[in-house]
Number of protein chains: 2
Amino acid sequence: MFNVAIVGATGVVGSTMVRVLEERGFPVTELRPLASARSAGTTVEYLGKPFTVQELTADSFEGITIALFTAGSERSRAFAHAAVAAGAVVIDNSSAFRMDPDVPLVVPEVNEADLEGHRGIVANPNCVAAPLVVALKPIADAVGIERVIVSSYQAVSGTGALAVAELRAQTAGNLSGTEPAPEVYPHPIAFNVLPHIDVFDGSGYTGEEIKVGNEARRMLHLPDLRVSATCVRVPVIHAHSQAVHIETTEPLSAAQAREILMVAPGVAVVDDPTANAYPLPRDAAGRDEVFVGRIRDDASHPRGLAMWIVSDNLRKGAATNAVQIAESLVMRGWL
Amino acid sequence: MFNVAIVGATGVVGSTMVRVLEERGFPVTELRPLASARSAGTTVEYLGKPFTVQELTADSFEGITIALFTAGSERSRAFAHAAVAAGAVVIDNSSAFRMDPDVPLVVPEVNEADLEGHRGIVANPNCVAAPLVVALKPIADAVGIERVIVSSYQAVSGTGALAVAELRAQTAGNLSGTEPAPEVYPHPIAFNVLPHIDVFDGSGYTGEEIKVGNEARRMLHLPDLRVSATCVRVPVIHAHSQAVHIETTEPLSAAQAREILMVAPGVAVVDDPTANAYPLPRDAAGRDEVFVGRIRDDASHPRGLAMWIVSDNLRKGAATNAVQIAESLVMRGWL
């Protein structure tokens, strides 16, 4: 049994982490919800019992075995080492340590073995990269993958609770002719799509788009994998979708890819288009699987495959994967 | 001065055609709105005067010079030849004749000369293909294009007025907890994205996705151009967006592509991402331009370019392009 801290316990990912720990029956002795001073004193319910949120400080981690961080990169950088010093293993959902060679970046279905020999911090991947590598790994193992082109359709809950509230309020206002000005996003998100997630760099890509490539290369152990992404925010509450085109090293037909994906860990194939069956964000919301459909031979490349991947950004894209990392650490004796 | 019939005058595209004829000062003597018996007797206003909608029959075209058809493929197949027999030139917005070698498929900025020698019917392209070729043509002319990968974010007005009503009603219902069941689409479109536009064929692609490639190849005069599309309906009212990755024959930097596009006919470059300036569907709605931004070197290919294209599907994707074809026919003396 373990004492588990959740840093950012009152946010959309943090509260999903509490639900996922419950659902999966993770062996928790003490749950210690941590957050900013503003949230301190409120309570988080776990298995029917209230746990009081404490203010996050460097002294918050005494007696903690596992600290799940999901309060942004700045807080991770400021407090993760204190947690490790107090004896905890940190599973960090921010991007702070994801490219640190001393920190494993892990999706257990893909590269669980990378957890071995961790130095106290494990990074949880980006919410687009995590489901992407779950779908790509079995194909990479079978025939190799050389190039990936991703266009994403990302839900607002990836931005946080304020963005969910903004989408709802803006949409209601738009329908009644009293649309409030945007505050969370630089442009209206109601009935709109925004090709802008994270900050732009000099290359014209955004940080989010660059993360998809960097993290996929690290987790797939394919340092030469060529990746280009266009990351787009869409007016969806939960679950990110991705239109993905890949180029394999050896040819693989869509039928073969479908067979491989049907038995791949963490993947649920939903691919009967003539029966209108394909992955949808509203169906994926609240689910832990990576849903894959629209699997077809890419008409534009002899070794090309196209597919459509949908996964709940708060679940496999964040909370579920973090809890799975904790489970792996426990099961393999790597805590 | 010309007598202009609009077949499907009461639909979303037909009524936009009336507005575009007005705005551009097209020399109309008589406007003859045609529609199904259900709409006959209603009126369409043109330059402040009401014109009574008449029921579409084979006898509807006497004295008509130009007939703009936008009432679906079935009605185009049934009535276009009657219009031609009556002496009209048909500009058809359906997919009925787009791949007919006897029928030019034209975006005037791209392949206006293909109109010469038409046999009475001209096809207006698909609402994704039209803006795509406007953006690709100047790049193809400069350095050649070999491959195009498109992921679309398509507005519901492309489906018609009932789909716009469904999105609004479903969204309002969702927000108030009384969401009606979908009728126009096979799944809810409110706060969802649907990777399904048009019907699926045996290849796993949809008709819409196949049209993008076929029509781009025809209009660009690049029969070997390799194209793969994923067409996705998103909860946006007007204007289609596209994340586009292209492979050119000779290298072209993003900076060079931006310079080429800045002077390209029909294109408006909106590409200052650090100032949050990129094309957005809500900004493009009601506009005739093809907006291009997020122009960048494709990190995954040495001769790759990525860009983001947005255009009003009812305008350049339909009505505006049809009226531009009519203008070309008049100006070049090809009526």
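Residues numbered from 1 in each chain as written. Chains lettered and ligands numbered in written order. Predicted model: local features only at pLDDT ≥ 70, side-chain atom pairs only at ≥ 80, totals over all residues.

A.B. asks: Explanation requested: the overall build of chain A in the structure shown.
C.D. replies: Counting its secondary structure elements, chain A contains nine helices and 14 strands. Its C-alpha atoms give chain A a radius of gyration of 20 Å, within 12% of the compact-globule value 20 Å for 335 residues. Dimensions along the principal axes, computed over C-alpha positions, put chain A at roughly 55 × 55 × 40 Å. A total of 335 residues make up chain A; the buried ones form 58% of that total. Of the contacts formed within chain A by residues at least 6 apart in sequence, a portion of 66% connects residues at least 24 apart. (Helix = DSSP H or I, 4+ residues; strand = E, 2+ residues; numbered from the N terminus. Rg over C-alpha atoms; globule rule 2.2 N^0.38 Å. Buried ≥ 20, exposed ≤ 12 C-beta atoms within 10 Å, placed from the backbone. Contact = placed C-beta atoms within 7 Å.)

A.B. asks: Could you clarify how one ought to interpret unusual backbone geometry in this entry?
C.D. replies: Leaving glycine aside, a negative phi is the common case for residues, and trans is the common case for peptide bonds. Residue and element names in this part refer to chain B. Unlike most non-glycine residues, Leu47 shows phi in positive territory, near 50°. By secondary structure assignment, the location of Leu47 is in the loop between strand E3 (43-46) and strand E4 (49-52). On the basis of neighbour count, Leu47 is assigned to the exposed category, with 11 C-beta atoms found within 10 Å. A positive phi angle, close to 60°, is found at His221, a residue other than glycine. With respect to the helices and strands, His221 occurs in the loop between helix H6 (207-220) and strand E10 (226-230). Judged by the 12 C-beta atoms lying within 10 Å of it, His221 falls in the exposed class.

A.B. asks: I'm lost on the interface of chain B and chain A in this one. Help?
C.D. replies: With 53 residues of chain B at the contact, the number on the chain A side is 52 residues. Secondary structure elements with two or more residues in the side of chain B that touches chain A: strand E9 (145-153), helix H5 (161-176), E10, strand E11 (240-248), helix H8 (281-284), strand E13 (290-297) and strand E14 (304-311) of chain B. Residue composition of the side of chain B that touches chain A, grouped by class: 28 nonpolar, 17 polar and eight charged. (Nonpolar A, V, L, I, M, F, W, Y, C, P; charged D, E, K, R; others polar.)

A.B. asks: Can you help me understand the environment of B:Ala216 in this one?
C.D. replies: All names here are of chain B. Relative to the helices and strands, Ala216 is located in helix H6. Considering only alpha carbons, one finds Ala216 and Val227, 11 residues apart in sequence, at a separation of 8.4 Å. If near-sequence neighbours (up to four positions away) are discounted, Ala216 is found in contact with Ala129, Leu132, Val133, Val148, Leu225 and Val227.

A.B. asks: Quick question: what am I supposed to make of the sheet that holds strand E1 (residues 2-7) of chain A here?
C.D. replies: Strand pairing in a sheet relies on backbone hydrogen bonds, with the paired strands running either antiparallel or parallel. Residues and elements named next belong to chain A. Strands sit in the order E5-E2-E1-E6-E7-E8 across an open sheet of six strands; the sheet is parallel. Where the open sheet ends on each side, the last strands, each with one partner, are strand E5 (54-55) and strand E8 (121-123). Examined bridge by bridge, E1 and strand E6 (residues 66-69) share four bridges and lie parallel to one another. By the bridge assignment, Ala5 is partnered in E6 with Ala67. Docked against the sheet, helix H1 (residues 12-23) engages E1, strand E2 (28-35) and E6, running at close to 155° with respect to E1. Across the face of the sheet, helix H9 (residues 315-331) comes into contact with E6, strand E7 (89-92) and E8 while running at roughly 150° to E7. (Pairing = 2+ DSSP bridges. Axes fitted to C-alpha atoms, helices over the stretch in contact; angles between N-to-C directions.)

A.B. asks: Even after reading the chapter, I still don't get the domain arrangement of chain A, so can you show me in this structure?
C.D. replies: You'll often see interface size given as the accessible area lost when the parts meet. Residue and element names in this part refer to chain A. Domain boundaries assigned for chain A yield domain 1 (2-124 + 318-331) and domain 2 (129-313). Averaged C-alpha coordinates put domain 1 and domain 2 at centres separated by 25 Å. On the domain 2 side, the residues contacting the 13 residues of domain 1 number 18 residues. Broken down by secondary-structure element, the contributors of at least two residues to the side of domain 1 that touches domain 2 are helix H3 (108-111) and H9. The class makeup of the residues in the side of domain 1 that touches domain 2 is six nonpolar, five polar and two charged. (Domains from an automatic or database assignment.)

A.B. asks: Whenever I open this one, the packing of helix H1 (residues 12-23) of chain B against helix H9 (residues 315-331) of chain B confuses me. Can you help?
C.D. replies: If you want to describe how two helices pack, look at the angle between their axes and the distance between the axes. All names here are of chain B. Two elements in contact, H1 and H9, have axes whose closest approach is 9 Å; the angle formed by their N-to-C orientations is 50°. As far as their axial angle goes, H9 and H1 are oblique. For H1 against H9, the interelement crossing comes out right-handed. In this structure, H1 uses Val13, Thr16, Met17, Val20 and Leu21 to contact H9, whose residues at the interface are Arg315, Ala318, Ala319, Thr320, Ala322 and Val323. Here the contact of H1 with H9 is composed, by residue class, of eight nonpolar, two polar and one charged. (Parallel < 35°, antiparallel > 145°, perpendicular 65-115°, else oblique. Left-handed = near helix turned anticlockwise from the far one by under 90°.)

A.B. asks: Where do I start with the relation of the copies chain B and chain A in this structure?
C.D. replies: What relates the two chain copies is a rotation about an axis together with a slide along it. Each copy superposes on the other: chain B lies on chain A with an RMSD of 0.0 Å after a rotation of 180° and an axial shift of 0.0 Å. Here the symmetry operator amounts to a two-fold rotation axis. (Least-squares fit on C-alpha atoms with pLDDT ≥ 70 in both.)

A.B. asks: Explain the sheet that holds strand E5 (residues 54-55) of chain B here, please?
C.D. replies: Residue and element names in this part refer to chain B. Ordered by their spatial adjacency, six strands build an open sheet running E5-E2-E1-E6-E7-E8, and the pairing between neighbours is parallel. Strand pairing shows two members of the sheet lacking a second neighbour, E5 and strand E8 (121-123), which therefore form its edges. When strand E2 (residues 28-35) meets E5, the two strands line up parallel, connected through two bridges. By the bridge assignment, Ala35 is partnered in E5 with Glu55. Together, strand E1 (2-7), E2 and strand E6 (66-69) form the strand contacts of H1, whose direction differs from that of E1 by roughly 155°. Its contacts with the sheet put H9 on E6, strand E7 (89-92) and E8, and the angle it makes with E7 is roughly 150°.

A.B. asks: What exactly am I supposed to notice about H1(B) here?
C.D. replies: Residues and elements named next belong to chain B. The end-to-end C-alpha separation of H1 is 17 Å, in line with the 16 Å expected for 12 residues at 1.5 Å each. The buried fraction of H1 amounts to nine of the 12 residues, a majority that puts the element mostly inside the structure. Val12, Val13, Gly14, Ser15, Thr16, Met17, Val18, Val20 and Leu21 are the residues of H1 that are buried. Those residues of H1 that are buried are in contact with E1, E2, E3, E6, H5 and H9. Positive phi appears at Gly25, one or two residues downstream of H1, with a value of about 60°. (Expected span 1.5 Å × (residues − 1).)

A.B. asks: I tried to follow H5(B) on my own but got confused; where do I start?
C.D. replies: Count 3.6 residues to each turn of an α-helix, and residues three or four apart come out pointing the same way. The terminal C-alpha atoms of H5(B) lie 23 Å apart, and with 16 residues this matches the ideal 22 Å at 1.5 Å per residue to within 8%. Within H5(B), the full set of buried residues consists of B:Ala163, B:Glu166, B:Leu167, B:Gln170 and B:Thr171. Across the axial projection of H5(B), the buried residues extend over an arc of 120°, all falling on one side. Buried residues belonging to H5(B) abut helix H5 (161-176) of chain A. (Arc of directions from axis to C-beta.)

A.B. asks: Would you take a moment to explain the confidence of the model for chain A for this structure?
C.D. replies: The predicted structure's coordinates, where accompanied by low pLDDT, should not be read in detail. Per-residue confidence for chain A gives a mean pLDDT of 98; residues scoring 70 or more make up 100%. Taken over the whole predicted complex, pTM reads 0.97, whereas the ipTM for its chain interfaces reads 0.97. (pLDDT = per-residue confidence, 0-100.)

A.B. asks: Looking at this structure, how should I read the packing of helix H4 (residues 129-143) of chain A against helix H6 (residues 207-220) of chain A?
C.D. replies: Residues and elements named next belong to chain A. Orientation of H4 relative to H6, taken along the N-to-C sense of each, is 45°, at an axis distance of 10 Å. Relative to H6, the element H4 lies oblique. The two elements H4 and H6 cross, and the hand of that crossing is right-handed. In this structure, H4 uses Ala129, Leu132, Val133, Leu136, Lys137 and Ala140 to contact H6, whose residues at the interface are Lys211, Val212, Glu215, Ala216, Met219 and Leu220. For the contact of H4 with H6, the residue count by class is nine nonpolar, no polar and three charged.

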